[in-house]
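Examination of the molecular architecture
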Amino acid sequence: QVQLVESGGGLVQAGGSLRLSCAASGRTFSSYTMGWFRQAPGKEREFVAAISSSGGSTACADSVKGRFTISRDNAKNTVYLQMNSLKPADTAVYYCAARLGWKYIGEWDHYDYWGQGTQVTVSS
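What counts and what doesn't
- Residues numbered from 1 in each chain as written.
- Predicted model: local features only at pLDDT ≥ 70, side-chain atom pairs only at ≥ 80, totals over all residues.
- Heavy atoms only, no water.
- Helix = DSSP H or I, 4+ residues; strand = E, 2+ residues; numbered from the N terminus.
- Rg over C-alpha atoms; globule rule 2.2 N^0.38 Å.
- Buried < 20%, exposed > 50% of the residue type's maximum accessible area, 1.4 Å probe, protein only.
- Contact = heavy atoms within 4.5 Å.
- Areas by Shrake-Rupley, 256 points an atom, 1.4 Å probe, with all protein chains shown as cover.
- Lys, Arg positive; Asp, Glu negative; His and termini not counted.
- Charge placed at Lys NZ, Arg CZ, Asp CG, Glu CD.

Attention now moves to the overall build of the protein chain. Helix and strand counts for the protein chain stand at zero helices and eleven strands. Counted from the first residue to the last, the protein chain has its helices and strands arranged as β-β-β-β-β-β-β-β-β-β-β. Here the C-alpha radius of gyration of the protein chain, 13 Å, is about what a compact globule of 124 residues would show, namely 14 Å. Over its C-alpha atoms, taken along the principal directions, the protein chain stretches across nearly 40 × 25 × 25 Å. The proportion of buried residues among the 124 residues of the protein chain is 43%. Taking contacts inside the protein chain between residues at least 6 apart in sequence as the whole, the part at least 24 apart equals 59%. Carbon and sulfur atoms provide 47% of the accessible area of the protein chain, an area that totals close to 6300 Å². Across the protein chain, the 12 positively charged side chains and the 9 negatively charged ones have centroids separated by 6 Å.

Here it is as structure tokens:
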């Protein structure tokens, strides 16, 4: 069982930056692939980024490539999402998720554990 708690969301102007954190409970954090997803009002949940259990592999959506960076610190049981050059289109609730393995990492229904979400609002 893994419990996830996100933090770091807030209100920022376009062009600004935020860093989201996701703290995980449990001794097996380093076994899990970690992902970030987001959901805007009236839209489906969409993949943002993922990182493998060791941190050796990462992937991100084309919409955030070059602006967002995912990283993890297994000693601290924490995964991060550094978001730069934010746009109003990035406004959404951001969720952290955990799963085993690397297949279908962009599909939200392949993740087993979810945090409660943190709101990110980017003003123009």
